[in-house]
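Below are the chains, spelled out letter by letter.
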Amino acid sequence: MITYNLYLESGPRQRKTMVHVLDMLGCVATGSTTQDALDVNPDAIKAYLSFLHRHGEPVDVASPFSSQVVEHVMDGPWLGNGNPAGGFTPDFNPITLSEQERYLVRLIWLHADILTLIRGLSIEVLMAEPPVKGRTIHHILTHLAEAEYAYLQAALRKTPGMHAAMQATKVHPEEIVRTLTGFWQVSTERLQSLTPTELERQTQRGQVLWTARRMYRRLLEHSWEHMQEITLRLDSV
């Protein structure tokens, strides 16, 4: 039976918590308390396994599994939001070429699934305020582009054309499929060009030490989180 190692982040009072399944990069679970996050984590793992299986990764969605907490970060700012300043121990391991290929393919799948979700949505749906506190779908999408831009900038430095492509997603909501596709094309091309040096490099940005692995973790986790958010929003319409 597979045992997944869990990496947690929360404040010392263990309220808002995010669980990271780094053995299956991109899989996360959140909860208003640490126990809540751990309680929903098995379903999060199953959902992510189903996503990978649907796209052709050789995973067994029916096999039983267990999990164990191996690291719990409770010091530093922005805890529970995905990127604790100190990071997690595996964040600082260099990425191999085979991992780079696998993670990029997963990110491309996520981008494609998000585009499938929003293609054909009316401007009214894209700009509708949620019934409770939250963002419009268009705002979620522009936030995705802003975050992806920030992660690549932090780990890889300037990418020509990326800022303009990101800004374009904000201008005409009715063209979000086109502009987001253009932004992700620039992003994907930059990731495809990563060099062995970039896969190993560590870059200090303020309190955060960035690596290619940390960048990919956040790219995958963040896209997965917001794809689920959009799915739930559309299911409630």
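Up top is the structure these notes are about.
The shown structure was predicted, so the numbers you read here are calculated from the model rather than taken from an experiment. Residue positions are counted from 1 within each chain, in the order its sequence is given. In keeping with the predicted nature of the model, local features appear solely for residues at pLDDT of at least 70, side-chain atom pairs appear and are counted solely at 80 or more, and the whole-chain, interface and lining totals rest on all residues. Think of the side-chain values as coming from all heavy atoms in the structure, minus any hydrogens and water.

Chemist: Quick question: what am I supposed to make of the packing of aromatic side chains here?
Modeler: Note on aromatic contacts: the rings of Phe and Tyr and the six-membered ring of Trp form a pair at centre separations within 6.5 Å, being stacked when their planes are under 30 degrees apart, edge-to-face when over 60 apart, and tilted otherwise. Inspection of the entire model under this criterion finds eight aromatic pairs. Measuring from centroid to centroid gives 5.4 Å for Phe 51 and Trp 224, while their planes differ by 45°, and the two rings are tilted. Highlighted residues: Phe 51 in helix α1 (residues 34-54) and Trp 224 in helix α8 (residues 212-235), separated in sequence by 173 residues. Pair check on accessibility: Phe 51 and Trp 224 agree, each one buried. A ring has a charge above it when a Lys NZ or an Arg CZ is no more than 6 Å from the ring centre and no more than 35 degrees off the ring normal. When the ring centre of Trp 210 is taken as reference, the NZ or CZ atom of Arg 214 above it lies at 5.6 Å. Strands here are runs of E lasting at least two residues and helices are runs of H or I lasting at least four, both read from the DSSP assignment and numbered beginning at the N terminus. Type-normalised accessible area, obtained with a 1.4 Å probe on protein chains alone, sets the label of each residue: buried when under 20%, exposed when over 50%, and partly exposed for intermediate values.

Chemist: Even after reading the chapter, I still don't get the packing of helix α2 (residues 97-118) against helix α4 (residues 137-156), so can you show me in this structure?
Modeler: If you want to describe how two helices pack, look at the angle between their axes and the distance between the axes. Direction vectors running N to C along α2 and α4 enclose 160°, while the axes themselves pass 12 Å from each other. Taken together, the axes of α2 and α4 are roughly antiparallel relative to one another. Seen from above, α2 lies across α4 with left-handed handedness. Counted together, Leu 107, His 111, Ile 114 and Ile 118 of α2 and Ile 137, Leu 141, Leu 144 and Glu 148 of α4 form the full contact between these two elements. Among the residues making up the contact of α2 with α4, the classes are represented as six nonpolar, one polar and one charged. Axes, fitted as lines to C-alpha atoms, cover a helix only where it is in contact. Angles between the N-to-C directions of the axes lie from 0 to 180 degrees. By definition in this entry, angles of less than 35 degrees are roughly parallel, angles greater than 145 are roughly antiparallel, angles of 65 to 115 are roughly perpendicular, and the rest are oblique. Left-handed describes a crossing in which the near helix is turned anticlockwise from the far one by less than a right angle; the clockwise case is right-handed. Every residue pair with non-hydrogen atoms within 4.5 Å of one another is taken to be in contact. Three classes are used, and their members are as follows: Ala, Val, Leu, Ile, Met, Phe, Trp, Tyr, Cys and Pro are nonpolar, Asp, Glu, Lys and Arg are charged, and the others, Gly among them, are polar.

Chemist: How should I be thinking about unusual backbone geometry in this particular structure?
Modeler: Unlike most non-glycine residues, Gln 14 shows phi in positive territory, near 55°. If you check the backbone angles, Arg 157 has positive phi at about 75° while not being a glycine. Tracing the backbone shows Arg 157 in the loop between α4 and α5 (162-171).

Chemist: Help me understand the packing of α4 against α8, please; the structure alone is not making it clear to me.
Modeler: Remark: α4 packs on α8, axes separated minimally by 10 Å, with the N-to-C direction vectors making an angle of 175°. Between α4 and α8, the angle is such that the two are roughly antiparallel. Residues Ile 137, Ile 140, Leu 141, His 143, Leu 144, Ala 147, Glu 148, Tyr 151, Leu 152, Ala 155 and Leu 156 of α4 lie in contact with α8, whose contacting residues are Met 215, Arg 218, Leu 219, His 222, Ser 223, His 226, Glu 229, Ile 230, Arg 233 and Leu 234. Looking at the contact of α4 with α8, its residues break down into 13 nonpolar, four polar and four charged.

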